[in-house]
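Reading the structure
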Amino acid sequence: MEILSYILSLLGMASMITASLIKGEKMKKTLTSLESEYSTIRVGRANPKVLDRITVDYYGVPTPIQQIASVSVPEGRVLQIQPWDTSTLKLIEKAILASDIGITPSNDGAVIRLVFPELTEERRKDLVKEVKKKGEDAKVAIRNIRRDGNDAFKKLAKEEVSEDEIKELTDKLQKITDQFIKDIDAAVDTKSKEIMTV
């Protein structure tokens, strides 16, 4: 970290970007984004996170369902949505039908229930392929961040920074990249096992 402090003092703003690369902040955001995408993939069990991306047009304002209703899981495969204002039942039902979750809501006048069907073996395999594709996309994003970092280090080499220091920074960035790739692989494996568990 001494080298990083030295570079920061020499180069000011350009090295701030370099420092964020060394800390892996952009890579953390990529991993967090992947995990949030995985949380919205339905796996045959009721999960309130599948509603996170659905918004209801509530008095002209796109509003998340969780802000206008109570969402609960009364049974393993049933998601229950109880709006605080019953006049929003139709709006919530319309938003769910328009979404891409693939479940038809049942409205009994007081609550909306989403019954998650058991996934077939074929559908599970398709979901695993989707999970792996998203994992590969995240790895590509991590590698692009590494490439941008290496480019920034090459620009630093033109300044008053020695090649040894640049090599050390490049090595640190590679270690951080390798760790995030392992984390992504672990996330893919965990979600794939969760999907394939009947």
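Residues numbered from 1 in each chain as written. Predicted model: local features only at pLDDT ≥ 70, side-chain atom pairs only at ≥ 80, totals over all residues. Heavy atoms only, no water.

What follows is about the overall build of the chain. Along the chain, the regular secondary structure elements total 7 helices and 6 strands. Evaluated residue by residue, the chain yields a buried proportion of 41% over its 198 residues. Here the chain displays about 11500 Å² of accessible surface, and carbon together with sulfur accounts for 53% of that area. (Helix = DSSP H or I, 4+ residues; strand = E, 2+ residues; numbered from the N terminus. Buried < 20%, exposed > 50% of the residue type's maximum accessible area, 1.4 Å probe, protein only. Areas by Shrake-Rupley, 256 points an atom, 1.4 Å probe, with all protein chains shown as cover.)

This next bit is on the sheet that holds strand β5 (residues 106-107). Two modes of strand pairing occur in sheets, parallel and antiparallel, and in both the strands are linked by backbone hydrogen bonds. An order of β3-β4-β6-β5 is seen for the 4 strands of this open sheet, with the pairing classed as antiparallel. In this open sheet, the two edge strands, each paired with only one partner strand, are β3 (69-75) and β5. Each of β3, β4 (78-83), β5 and β6 (112-115) is contacted by helix α5 (residues 89-98), which is oriented at about 25° to β6, the strand it contacts most. (Pairing = 2+ DSSP bridges. Contact = heavy atoms within 4.5 Å. Axes fitted to C-alpha atoms, helices over the stretch in contact; angles between N-to-C directions.)

Counted residue by residue, β4 has 5 buried out of 6 residues, so it is predominantly covered. Counting the residues that bridge the hairpin from β3 to β4 gives 2 residues. Strand direction decides the pairing type here: β4 and β6, joined by 4 bridges, are antiparallel. The residue bridging Val78 from the neighbouring strand is Val115, located in β6.

To continue, consider the packing of aromatic side chains. Scanning the entire structure with this criterion turns up 1 aromatic pair. With a centroid separation of 4.8 Å and an interplanar angle of 65°, the aromatic rings of Tyr58 and Tyr59 are classed as edge-to-face. Accessibility expressed as a relative area gives 24% for Tyr58, which makes it partly exposed. Overall, the relative accessible area of 68% leaves Tyr59 in the exposed class. (Phe/Tyr/Trp six-rings, centres within 6.5 Å; stacked < 30°, edge-to-face > 60°.)

For the structure on display, the rule yields 12 salt bridges. Here Lys139 makes a salt bridge to Asp185, at a shortest N to O gap of 2.6 Å. Within this pair, whereas Lys139 is found in helix α6 (residues 121-157), its partner Asp185 is found in helix α7 (residues 163-196), the two being separated by 46 residues in sequence. Judged by relative accessible area, Lys139 falls into the buried class, the value being 12%. Residue classification places Asp185 among the partly exposed residues on the basis of a relative accessible area of 30%. The salt bridge involving Glu194 is made with Lys191; its shortest N-O contact spans 3.6 Å. Placement of the pair is Glu194 and Lys191 together in helix α7, with a separation of 3 residues, close to one helical turn. Through salt bridges that share partners, Glu37, Glu130 and Lys134 make up one connected network. (Salt bridge = Lys/Arg side-chain N within 4 Å of Asp/Glu carboxyl O.)

Taken by themselves, the reported measurements are silent on function.
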